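Residue strings, one per chain:
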Amino acid sequence: MISCIEIALKKELRDADASSLIKKADSYFGIDIEHARSVNIVTIESDLDQGQLEKIKNEILTNPVTQVSSLSPLDIDFDWCIWIGYRPGVKDNPGATAVEAIKDHLGKNFGPDEGVYTSKRYCLKGKDLTREDAEKMASELLSNSIIQQFKVFAIDDWDKEIGADVKPAKVILDHVPCFEVVSIDSDEQLAKISDERNLALNTRDIPVIREYFLAPNVLASRKEVGLEKPTDVELEYISQARSDHCNHNTFQGIFKYKDASTGEIVIENSLFNTYIKQPTLQLKEQKDWVVSVLWDNAGVGTFDAENNYVVTGETHNSPSNMEAYGGAITGIVGVYRDPMGTGLGSKLFMGSFGYCVGNIHYNGPLKPPLHPRRLLDGVIEGVKDGGNKSGVPTTFGQTLFNPGYMGKSLVFVTALGIMPSQVKGEPSHEKKTSPGELIIMSGGRVGKDGIHGVTASSESYSENTPAGHVQIGDPYTQKKMHDFLLICRDEGLIPFITDNGGGGLSSSVGESAMISNGCEVWLDKVPLKYEGLDMWEIWISESQERMTISVKPENLDRFMELSDEHEVESTVIGKYTDSGKLHIKYKDETCAYVDMDLLDKGFPSWQFDAVWTPPEMRGLTEPVISTPSDFNSLLLSMLERPNVCSKEWIMRQYDHEVQGGSVIKPLVGVNHNIPSDAAVTRPVLGSPKGLAFSQSLLPWYSKIDAYHMMTCTIDEAVRRLISVGGNFDHIGGLDNFCWPNIQFDEKKNPDGKFKAAQLVRACRALKEACENYEIPLLSGKDSMYVDGHLEGAFGERIKISALETVQFSATSVIDNVMKCISMEPKMAGDLVYVLGTTANELGASEFYEMFHRTGLNVPQVDFDRNKVLYKALQSAIDDELVASCHAVSRGGLGVHLPYILMGGGLGLELDLSAAPLDESCGNLSDEILLFSESAGRFVVTVSKENQAEFEQRLGSMAYGCIGTVTGAHDHLKISGLNKTALVDLSAQQLDNAFNKAFGDMI
Amino acid sequence: MKKVNALVLTGFGLNCDNETAFVFERAGAVANRVHINALVSGKVKLEDFHILAFGGGFSWGDDHGAGVIQALKLKNHIGRDLLNFVDDKKLVIGICNGFQALVNLGLLPGLDSDYTRRSVSVTYNDCGNFRDQWVHLAANDKSPCVFTKGIDMADFPVRHGEGKFIADQDVVDTLVENNQVVFQYADKKGNPANSEFPLNPNGSLNDIAGICDPSGRIFGLMPHPEAYNHVTNHPDWTRKAQELKRKGESVDPEMTIGIQLFQNGVDYIQETLF
């Protein structure tokens, strides 16, 4: 029996959901809605009597103080009604919690054919509203056809009895699970099958695969279990294991790097080994705080004598580009499983975000899957729900706009965890599987989710086919699992744990079984969301919120007892062995039987041609722009720019202090609205120690040379840490590469060789920076295909590639958080210093970008000079000689001095000619002083009492006292090279400009 | 000396249990984080505790109304125990999601000593979004609330999407008359916010941020006192620390209003039940 319950807020109450629809319809499309109300619909498919339905309606679903509800459609007047519901198979979180509540409240169980589904309808009044308006709002504001469906009703065709006529969005596959045997008579045949089945096997891998399966000894041993030719399950396993996602073929690939200016050719055998692994392992030897790197789901560093911290980062770009909310929430909830699956499992204590999107006011002809504005809305909301509902503070984040990201926007998510350094006397960062241990899957169930990633999007829809390729993360289910697993860890029940992400069980079980050297998996035991999945689908499904855990048989009862208490589903799905075989069964039938070492059978490396053409040879020159005469207006216009202005509204939506350890918040200053250099958190409340975290993104410099993009990005991340009191001797790094396709193709990717060279150079720079600043790379990830082919005005498709982008994250441990400082001046009368040298380095700067120019003089990092300065500054901060400190970055002093003034709310009287200046690369000018983005610089305030001691610490290093903080006024007064006044702006003027673009957003 | 036992609920998406337990410990209590199902199954007995804390978080994902399913589950399984707990003159505090649960249980406002009726609600913010910000709170010195004794003003963070306190006008009037309104959103001088955003971050009627029952032993509030467990939690601490430093003074990192609020609860038990 199918019943619908409709619930709405009492009409005198403010309907925030409907109000936001009215606001967006107007500001996005100029559609005028006079009045709107939203109605929640709960559709129950179950045999319940009227009394039970009334009980559910009144006692579970209706708040007597605020809501009205009915078992028949609520009689709410409208001109147009829009109904929005999920497609079958899309995670319906409220539906799932409703089932829990009904089970508990009525004490009834739900059978496989029963379920609860939620949907929504909006009742719109507006005399000018048309069906087109309603359909536009339905399809471009309220729903996304990938995961949702909608209906539009005019008042005339509305049946008061049937209402929206909502049917359960349940999956019916009507398919008998099976596996297929694949014939591999020739390479061509296997290649063809690979295409047909979306296996994405690399052509160079195909002969190796055939050779293995045709080898007599292999055939013989397969015969014993009733197999001959490879099965689809086995090929899917190989495809997953060899995918770029799991195997990082690009960074393991062979690059032929040619410098076009010299003709010199260098062969790079593995960017990962040469530029990431080798320097990191070397630093691990020098730094005893480095605990575990380069093998686990996340890196591990020492926090204090009893605890280690864990850090990793991910991107979730492609799904977010198709379904921004679903992609982003799945991304943040997904990255949170990495620390949970690191060592024996860690407790999450913070996360961060990085968004790179196109121009949100774009109104040109190109048609991205989602307009940048809508995409950003969805991404922000996804991380909000995913992060907040996980109970993990989002303490840092950046949002960046550039047209290159309209082809594919970037969604970075980072996760940090904390764990006791020992569990039951054993080091918590070590884990292993052993023969005889049981393979357990905990958390969510398995459906057709994420199978073959987005390639599945080409499937045609029928009413009941699952729209599983884009998922919606479920932080509630995962939070229950998180709490449960930490208790299991502390009781010593977990010898091994890892998460199910890309590749699903195929990766988590396949990789963990390599440790014990074998496993037997019983796929028919895996709990499913709905019947009818084939074996290979169960094996590689990427359904979320799942961990794979190894448990000793003697501990199974206790493990399951805790699992029940926490209402987390856990299932034994196999056992680890030492058979040397990956053995997969369904019921009693074997559907996969391959050697654990199959993947070491000499699969060839990928190969890339890289050609570096230096910027001069590419024709880049400095633009010809004379010195402006109106610096006041110029400075205000800079502050209004999207990449400079306030984005407070984003951070306010994120709980950035849950867990009670917030020390330096993401927004600081007298008005709590200036982005902080870094965030500091106390993951262990009883300890005076804090963890400092910063991130940097400077992709613009890649327009000139990705080498300097990389060094400047890392330098900025380091300075951000030092600015809050970070420790130069303990800096952990995390590199997240997002690169356009680097595989040369005459037609499809003509500049692939150059992009490949940019990648090689970025990796070389990564090594140089990490060695100089002594930064071991605790973790890192790469996302290699950030290109989009967007439809244009005439049906053509235009390829848009993102800038070569690296988000670099840095961690440091602070011994005493009471010594942390923030960026804003604290006291009138204090002295203002610029540390570090300003040079003619406007190349790819925000200033040039304002005039649509690129230039040539990209900022370059002087590591030797900087190291000395940073250490001296750190000691000064540590000895409490410094009142405030801020790292100068994008936009230069002309942007960051306003930040500092707004942060302090006190006046600044400054003479920039007193700052350390470098004239070696061309004569300086006032616009260079203000807007050059030279690396290695800080603005610091110091009390007069500490002046002598502070200056003595800096000795002969590059510093200059450029003026004072004053309480006499709140103006920013700046004079330039020949002491002439350049800028005189009040805090109010600056604040108005800073908040002009997004100030009214909440 | 006998120890005060505090029970902090965990599980089902609750997430402030660690820091809430931490402040109780700092306030001298023995804090126990207990999974809701351990109470439901009877493995843990409510009667063994003196203070019950409904903490912040997203119980059951806040689907179908913040704190609704949590309230229902507790009512169904330990409703009687909860009422006995109240009758025994023990203390209950509900923070954020916990406050939402208390009003859905009917433990608040507890008018006419009816601790089962839902007569007020904490619903969606007027600003239409989840919001994390620090707020100034003015405490009602006439309130019987046990937890706010000796506190006239407090700064705490709010972190919610559903924090707007609403009720029928007569209910609000009664709460005001009974001095059951404990905390109101205010400006930094302590004057009422008069519904001005963002001083009043959610549009609560009468700027109400927290209420208690007529006895003052059951207290619910949207702001998070447990998130002010250390001087460095306060958004202005770096400036305040500089000012003190210039005067040659220093600060005790753990003397915060947040801890004092829980201290009041612990002291009350010491004075009345031991």
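The shown structure was predicted, so the numbers you read here are calculated from the model rather than taken from an experiment.

This next bit is on the overall build of chain B. For chain B, the helix and strand inventory stands at seven helices and 11 strands. Relative to the globule expectation of 19 Å for 274 residues, the C-alpha radius of gyration of chain B, 18 Å, shows essentially globular dimensions. If one aligns the C-alpha atoms of chain B with their principal axes, the spans along those axes are about 55 × 45 × 35 Å. For chain B, buried positions account for 62% of its 274 residues. In chain B, once contacts between residues fewer than 6 apart in sequence are set aside, the share between residues at least 24 apart is 76%.

Our focus in this paragraph is the overall build of chain A. Secondary structure assignment for chain A yields 29 helices and 43 strands. Taken over the C-alpha trace, chain A has a radius of gyration of 29 Å; the compact-globule value for 1002 residues is 30 Å, and the two agree within 12%. When each of the 1002 residues of chain A is scored for burial, the buried share is 56%. Put simply, 82% of the contacts in chain A that link residues at least 6 apart link residues at least 24 apart.

As a further point, take the packing of helix α1 (residues 17–26) of chain B against helix α7 (residues 257–273) of chain B. Residue and element names in this part refer to chain B. Two numbers describe how α1 lies on α7: the axes approach to 8 Å, and their chain directions differ by 70 degrees. By the angle between their axes, α1 is roughly perpendicular relative to α7. α7 is crossed by α1, and the crossing has right-handed handedness. Taken together, the residues of α7 that come into contact with α1 (itself represented by Val 23, Phe 24 and Arg 26) are Gly 258, Ile 259 and Phe 262. Across the contact of α1 with α7, the residue classes tally to four nonpolar, one polar and one charged.

Let us look at the sheet that holds strand β13 (residues 394–401) of chain A. Pairing between the strands of a sheet comes from backbone hydrogen bonds, and it takes one of two forms, parallel or antiparallel. Residues and elements named next belong to chain A. The sheet built from six strands is open, its strands ordered β9-β10-β11-β14-β12-β13 with mixed pairing. Strands at the two margins of the open sheet, each flanked by one partner only, are β9 (290–292) and β13. Averaged over neighbouring strand pairs, the angle between their axes works out to 20 degrees when direction is ignored. Judged from the two bridges that link them, β9 and strand β10 (residues 299–302) form a sheet pairing that is antiparallel. Of the residues in β10, the one forming a bridge with Val 290 is Gly 301. Sheet strands in contact with helix α15 (residues 372–388) are β12 (347–357), β13 and β14 (410–420), and its direction is about 180 degrees off that of β12.

Overall, the predicted model of chain B reaches an average pLDDT of 96, with 100% of residues at or above 70. Interface confidence for the predicted complex, expressed as ipTM, amounts to 0.97; the pTM equals 0.96.

Moving on to the sheet that holds strand β18 (residues 496–499) of chain A. All names here are of chain A. Read across the open sheet, the seven strands follow the order β18-β20-β17-β21-β19-β22-β23; overall the sheet is mixed. The sheet is open, and its two borders are formed by β18 and β23 (589–595), each paired with just one other strand. Each adjacent strand pair in this sheet contributes to an overall mean axis angle of 20 degrees, direction not counted. The sheet contact formed by strand β19 (residues 519–522) and strand β22 (residues 581–586) spans four bridges and is parallel. Residue pairing for β22: Trp 522 is matched across the bridge by Lys 585. Contacts between helix α16 (residues 475–490) and the sheet are confined to β17 (438–443), β18 and β20 (546–551), with β17 contributing the most and set at about 135 degrees to the helix. Of the strands in this sheet, β17, β20 and β21 (570–576) are in contact with helix α19 (residues 556–565), which crosses β21 at around 150 degrees.

With that settled, consider the nonpolar core. The biggest cluster of nonpolar side chains holds 245 residues, and the ones touching the most others in it are Trp539(A), Val680(A), Met710(A) and Ala762(A). Beyond its immediate sequence surroundings of up to four residues, Ala762(A) is in contact with Ala706(A), Tyr707(A), Met709(A), Met710(A), Glu804(A) and Val806(A).

We now examine the interface of chain A and chain B. Taken residue by residue, the interface counts 55 residues in chain A and 55 residues in chain B. For the side of chain A that touches chain B, the elements supplying multiple residues, two or more each, are α1 (16–29), α2 (50–61), α3 (93–106), α15, α16 and β25 (662–664) of chain A. Of all the elements, α3(A) adds the most residues to the side of chain A that touches chain B, at eight residues. Considered class by class, the residues forming the side of chain A that touches chain B number 20 nonpolar, 18 polar and 17 charged.

All names here are of chain B. The topology assignment puts Leu 39 in helix α2 (residues 36–40). By the C-beta count within 10 Å, which is 22 here, Leu 39 ends up buried. For the pair Leu 39 and His 77, spaced 38 residues apart in sequence, the C-alpha separation works out to 8.4 Å.

Residues and elements named next belong to chain B. Each neighbour pair has its own omega, and for Leu 108 with Pro 109 the value is 0 degrees, a cis peptide bond. Within the secondary structure, Pro 109 sits in the loop between α4 (97–105) and β5 (120–123). For the peptide bond that leads from Phe 197 to Pro 198, omega is 5 degrees, which places it in the cis range. Counting through the fold element by element, Pro 198 comes out in the loop between β9 (181–186) and β10 (208–212).

Here we take up the environment of Leu908(A). All names here are of chain A. Within the secondary structure, Leu 908 sits in strand β38 (residues 907–911). Under the C-beta neighbour-count criterion, Leu 908 is labelled buried, with 26 such atoms within 10 Å. Between the C-alpha atoms of Leu 908 and Arg 865, which are 43 residues apart in sequence, the distance is 28 Å. Leu 908 has contacts with Val 832, Leu 897, Leu 901, Gly 963, Val 965, Leu 972 and Lys 973, leaving out every residue within four places of it along the chain.

It is worth spelling out the pairing of β23(A) at this point. Residue and element names in this part refer to chain A. Alignment of β22 against β23, held across six bridges, turns out to be antiparallel. Paired with Leu 582 across the bridge in β23 is Val 594. Linkage of β22 to β23, two consecutive antiparallel strands, is achieved through a turn of two residues, within which Lys 587 is found at a positive phi near 55 degrees.

So, about the confidence of the model for chain A. On average, residues of chain A score 95 in pLDDT, and 98% of them reach the 70 mark or higher. Across residues 454–463 of chain A, confidence stays below pLDDT 50; counting only partners more than four residues off in sequence or on other chains, it has 10 contacts.

Further remarks concern α1(B). Residue and element names in this part refer to chain B. Within α1, nine of the 10 residues are buried, leaving the element largely enclosed by the surrounding structure. Of all the positions in α1, only Asp 17, Asn 18, Glu 19, Thr 20, Ala 21, Phe 22, Val 23, Phe 24 and Arg 26 are classed as buried. Looking at the buried positions of α1, the neighbouring elements they touch are β1 (5–10), β2 (30–35), β3 (51–54) and α7. Of the residues one or two after α1, Gly 28 is the one with positive phi, at around 95 degrees.

To continue, consider the packing of helix α11 (residues 271–286) of chain A against helix α23 (residues 752–773) of chain A. Any two packed helices are characterised by the angle at which their axes cross and by the distance between the axes. Residue and element names in this part refer to chain A. Where α11 contacts α23, the two axes come as close as 9 Å, and the packing angle between them is 10 degrees. As judged from the angle between their axes, α11 and α23 are roughly parallel. Crossing angle aside, the handedness with which α11 passes α23 is left-handed. Here Leu 271, Tyr 275, Ile 276 and Pro 279 of α11 come into contact with α23, specifically with Val 760, Cys 763, Arg 764, Leu 766, Lys 767, Cys 770 and Glu 771. Residue classes in the contact of α11 with α23 are distributed as eight nonpolar, no polar and three charged.

Once that is clear, we can look at helix α20 (residues 631–640) of chain A. Residues and elements named next belong to chain A. Listed as buried for α20 are Phe 631, Leu 635, Met 638 and Leu 639. Down the axis of α20, the buried side of the element spans an arc of 100 degrees, and every buried residue falls inside it. The elements touched by buried residues of α20 are α24 (846–850), α26 (893–904), β43 (981–986) and α29 (987–994).

Rules used throughout
- Residues numbered from 1 in each chain as written.
- Chains lettered and ligands numbered in written order.
- Predicted model: local features only at pLDDT ≥ 70, side-chain atom pairs only at ≥ 80, totals over all residues.
- Helix = DSSP H or I, 4+ residues; strand = E, 2+ residues; numbered from the N terminus.
- Rg over C-alpha atoms; globule rule 2.2 N^0.38 Å.
- Buried ≥ 20, exposed ≤ 12 C-beta atoms within 10 Å, placed from the backbone.
- Contact = placed C-beta atoms within 7 Å.
- Axes fitted to C-alpha atoms, helices over the stretch in contact; angles between N-to-C directions.
- Parallel < 35°, antiparallel > 145°, perpendicular 65-115°, else oblique.
- Left-handed = near helix turned anticlockwise from the far one by under 90°.
- Nonpolar A, V, L, I, M, F, W, Y, C, P; charged D, E, K, R; others polar.
- Pairing = 2+ DSSP bridges.
- pLDDT = per-residue confidence, 0-100.
- Core = buried A, V, L, I, M, F, W, Y, C linked by C-beta atoms within 7 Å.
- Arc of directions from axis to C-beta.

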